[in-house]
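Coordinate inspection notes
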Amino acid sequence: MSVLVIGGGGREHAICVALAKSPKTGKLYCIPGNAGISQVAECVPSIGVMEFEKIAQFVAAHKDITMTVVAPDDPLAAGLVDYLEERGFRAFGPKANAAIIEGSKAFSKHLMTKYGIPTAEYREFTDYGEAAEYVKNAEYPLVVKADGLALGKGVIICQNVQEGEEAVREMMVDKKFKDAGNKIIVEEFLVGKEVSVLCFTDGQTIVPMVSSQDHKRAHDNDEGLNTGGMGTFSPSKVYTPQLADEVYRDIILPTMNAMNSEGRPFKGVLYFGLMITKKGAKVLEYNARFGDPETQVVLPRLKTDLYEIFDAIIDTRLSDIDIQWTDDACVCVILASGGYPESYKKGVPITIGKLPKDIVLYHAGTAFKDGQLVTSGGRVIGVTAKGKDIEEARKKAYDAIKNIHFDGMFYRHDIGIKL
Ligand code: AMP
Ligand code: GLY
């Protein structure tokens, strides 16, 4: 029973490593994959994640593939799972009509309002004049969001009227995020700690994974630009068992039920980006997939066979599976290319010295060039360690980083310090 994983970042590397541990997984394939993934899977760099026809041809040509796992947001939103299922192939992930929970922020805000799921107060605009007028008289800070997918960059936190007007203009007039900014959301700024809770769901049952926290800003002390995520740790200390129960009752279960009521059953991984405010947890965003780099600290703590979980979700029998986690901690520190999240060099040689056995390197942007490991993206490698607690895991990860080098390499020094 071979498995094809779609994607080529650190998250997909962590998924491949977890699948490779299953005695049920035969061969692993990854489209397009990366240098790290090629150590556990056969990678196909010539096919892109949006080339649905080529992907389906690949699955058809490899009769041993019994499951295709679609990990990234773009192919999910564009309906790769639907496309494969229509051709008789089994695929893991939500269909397009459910992936819209991430693909359209206006959709997710309507859903939460309709079903009483706690989230920030907001207004929606399709008209530039109305939006500009609104931000002139609003209270600050204020958050301006493009409706559609914008590579994680479509959220701007504005401190004053000038920044508010600029954000609205960039999205609606300058079309910085193309059509993703045709509609915008302007919402209340929430204060608190951010926690990520990823859940397995088959539309009937929804099972939260262990919690984690991401660090989105590029530099120490949450300075610098927003990025895809510079490091993560699991578990989150603020996400107490009592809070987890409340969130399950008031947010997680109601969201699964809401999607069913809307005729959009969600199967796959549903990610809840939460802000833990003084007035309780509120949803900042939904993602229709595993988070990156949250997956890199969550899956290493999974004791249950990931292949079996995916298989059960596809067949809508998740309630049969008892999902178990280790009670240790995990930390992942991202090594990034100088300049990220703006422009950066690619093809820079990477040297990796001897590392302790229990360090896992999840490759995000790496490739082989003439046999040499080189950088190929902004986020390059996630250095990941487990320990009895966050402090121990952190120390191991930072000690290991001393043995890894590439020109321009930078990373945050405070992953997992502010818990
Ligand atoms: P999103 O893509 O919606 O998760 O937004 C990206 C990041 O912007 C989040 O992880 C938060 O750090 C921040 N953010 C988004 N919405 C809000 C909000 N209403 N209040 C405060 N911070 C926010
Ligand atoms: N780490 C945030 C995300 O995957 O969207």
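Worth saying up front: this structure is predicted, and the values here are computed from it rather than measured. (Residues numbered from 1 in each chain as written. Chains lettered and ligands numbered in written order. Predicted model: local features only at pLDDT ≥ 70, side-chain atom pairs only at ≥ 80, totals over all residues. Heavy atoms only, no water.)

1. Describing the overall build of the protein chain
The condition is simple: Note on conventions: DSSP H or I runs of at least 4 residues are helices, E runs of at least 2 residues are strands, and numbering of each starts at the N terminus. With C-alpha atoms as the basis for the radius of gyration, the globule rule is written as 2.2 Å multiplied by the number of residues raised to the power 0.38. Any pair of residues with heavy atoms lying within 4.5 Å of one another is described as a contacting pair. Exposure was quantified through the Shrake-Rupley algorithm and a 1.4 Å probe, taking into account, for residues, occlusion by the shown protein chains and nothing else. For the charge count, each Lys or Arg is scored as positive and each Asp or Glu as negative, with His and the chain ends excluded. We put the charge of a Lys on NZ, of an Arg on CZ, of an Asp on CG and of a Glu on CD.
Across its full length, the protein chain holds 12 helices and 24 strands. The C-alpha radius of gyration computed for the protein chain amounts to 21 Å, which stays within 12% of the reference 22 Å derived for 419 residues, consistent with globular compactness. The long-range fraction of contacts in the protein chain, counting pairs at least 24 apart against all pairs at least 6 apart in sequence, stands at 68%. When the accessible surface of the protein chain is summed, it comes to about 17700 Å², and 50% of that surface belongs to carbon and sulfur atoms. For the protein chain, the separation between the mean place of its 49 positive charges and that of its 56 negative charges on side chains is 3 Å.

2. Section: a nonpolar patch on the surface
Just so we agree on the cut-off: Excluding any residue in a salt bridge, patches collect residues exceeding 30% relative accessible area, merging like charges within 9 Å and nonpolar Val, Leu, Ile, Met, Phe, Trp and Tyr side chains within 5 Å. The rule for a salt bridge is simple: a side-chain nitrogen of Lys or Arg has to be within 4 Å of a carboxyl oxygen of Asp or Glu. Partly exposed residues are those whose accessible area sits between 20% and 50% of the maximum for their type, while under 20% is buried and over 50% is exposed, using a 1.4 Å probe and protein chains only.
There is a patch of nonpolar side chains on the surface, built from V155, I157, F189 and V191 and spanning about 310 Å² of accessible area. Under the relative-accessibility criterion, V155 is labelled partly exposed at 30%.

3. Considerations on the site of ligand 2
For the record, the criterion: For each residue, the test is whether any non-hydrogen atom lies within 4 Å of the molecule or strand; if one does, the residue is near. Under this definition, polar contacts are N or O atom pairs within 3.5 Å; protein pairs additionally need one hydrogen-donor-capable and one acceptor-capable atom, and for neighbouring residues in sequence, both atoms have to be side-chain atoms.
Close to ligand 2 lie D214, K216, G228, Y271, N287, R289, G291, D292, P293 and E294. Residue N287 places a side-chain N or O atom 3.1 Å away from an oxygen atom belonging to ligand 2. Residue D292 places a main-chain N or O atom 2.9 Å away from an oxygen atom belonging to ligand 2. Bound to the protein, ligand 2 loses 90% of the 200 Å² it would expose on its own.

4. Considering helix α9 (residues 241-261)
Keep this limit in mind: The span expected for a helix works out to 1.5 Å for each residue beyond the first.
Relative to the 30 Å expected for 21 residues at 1.5 Å per residue, α9 spans 28 Å between its end C-alpha atoms, a close match to the ideal helical length. Among all positions of α9, only L243, V247, I251, I252, P254, T255, M256, A258 and M259 are buried. Close packing links the buried residues of α9 with α5 (96-103), α6 (105-114), β10 (193-201), β11 (206-208), β16 (268-277) and β17 (280-287). Immediately beyond the C-terminal end of α9, within one or two residues, lies G263, with a positive phi of roughly 75 degrees.

5. Notes on the pairing of strand β2 (residues 28-32)
Filter applied, for reference: Two strands qualify as a pair provided DSSP detects at least 2 bridges between them. Handedness of a crossover is defined as follows: orient the strands so they point away from the viewer, and if the path from the first strand over the helix to the second runs clockwise, the crossover is right-handed.
Counted residue by residue, β2 has four buried out of five residues, so it is predominantly covered. Bridge count between strand β1 (residues 2-7) and β2: five bridges; the pairing is parallel. By the bridge assignment, L4 is partnered in β2 with Y29. Assessed by its sense of winding, the connection that carries the chain from β1 through helix α1 (residues 10-20) to β2 is right-handed.

6. Brief notes about the nonpolar core
Soluble globular proteins tend to pack their nonpolar side chains together in the buried interior. Definition in use: To define a nonpolar core, start from buried Ala, Val, Leu, Ile, Met, Phe, Trp, Tyr and Cys residues and group those joined through side-chain atoms within 4.5 Å.
Counting residues in hydrophobic clusters, the biggest one holds 47 residues, and the most contacted among them are L4, I101, F272 and L274. At seven residues, the largest contribution of residues to this core is made by α9. Apart from residues lying up to four places away in sequence, I101 is in contact with F107, S108, L111, T255, M259, F266, L270, Y286 and A288. Core analysis: the next-biggest nonpolar cluster, separate from the first, contains 39 residues, V3, A18, M67 and V210 among them.

7. As for the environment of A244
Looking at where A244 falls in the secondary structure, it is placed in helix α9. Overall, A244 belongs to the partly exposed group, its relative accessible area being 23%. Along the backbone, A244 and A397 are 153 residues apart, and their C-alpha atoms lie at a distance of 28 Å.

8. Here's the deal with the environment of V348
Here V348 lies in the loop between β18 (329-336) and β19 (351-352). For V348, a relative accessible area of 11% gives the class buried. Beyond its immediate sequence surroundings of up to four residues, V348 is in contact with L373, V374, T375, F406 and D407.

9. Comments concerning the pattern of salt bridges
The final tally for this structure, using the stated rule, is 28 salt bridges. One salt bridge connects K95 with E85, and the closest N-O pair in it is separated by 3.6 Å. Residue K95 is located in the loop between β5 (91-92) and α5, and its partner E85 is located in helix α4 (residues 80-86); the two are separated by 10 residues in the primary sequence. The salt bridge involving E392 is made with K388; its shortest N-O contact spans 3.1 Å. In this structure E392 comes out as partly exposed when scored by relative accessible area, which is 30%. The structure contains a network of salt bridges with shared partners spanning R90, D311, D315 and R317.

10. As for the pairing of β17
Taken across its eight residues, β17 has six buried, putting it largely inside the fold. The sheet contact formed by β16 and β17 spans seven bridges and is antiparallel. Residue I276 lies in a different strand from β17, and its bridge partner there is A281.

11. What to know about the site of ligand 1
Taken together, 14 residues form the shell around ligand 1, and within it E187, E188, L190, E194 and E285 come nearest. Taking E187, its side chain carries an N or O atom lying 2.7 Å from a nitrogen atom of ligand 1. At 2.9 Å, a backbone N or O of E188 approaches a nitrogen atom of ligand 1. Of all the elements in the fold, those that place two or more residues in the shell around ligand 1 are β7 (142-146), β8 (155-158), β9 (184-188) and β17.

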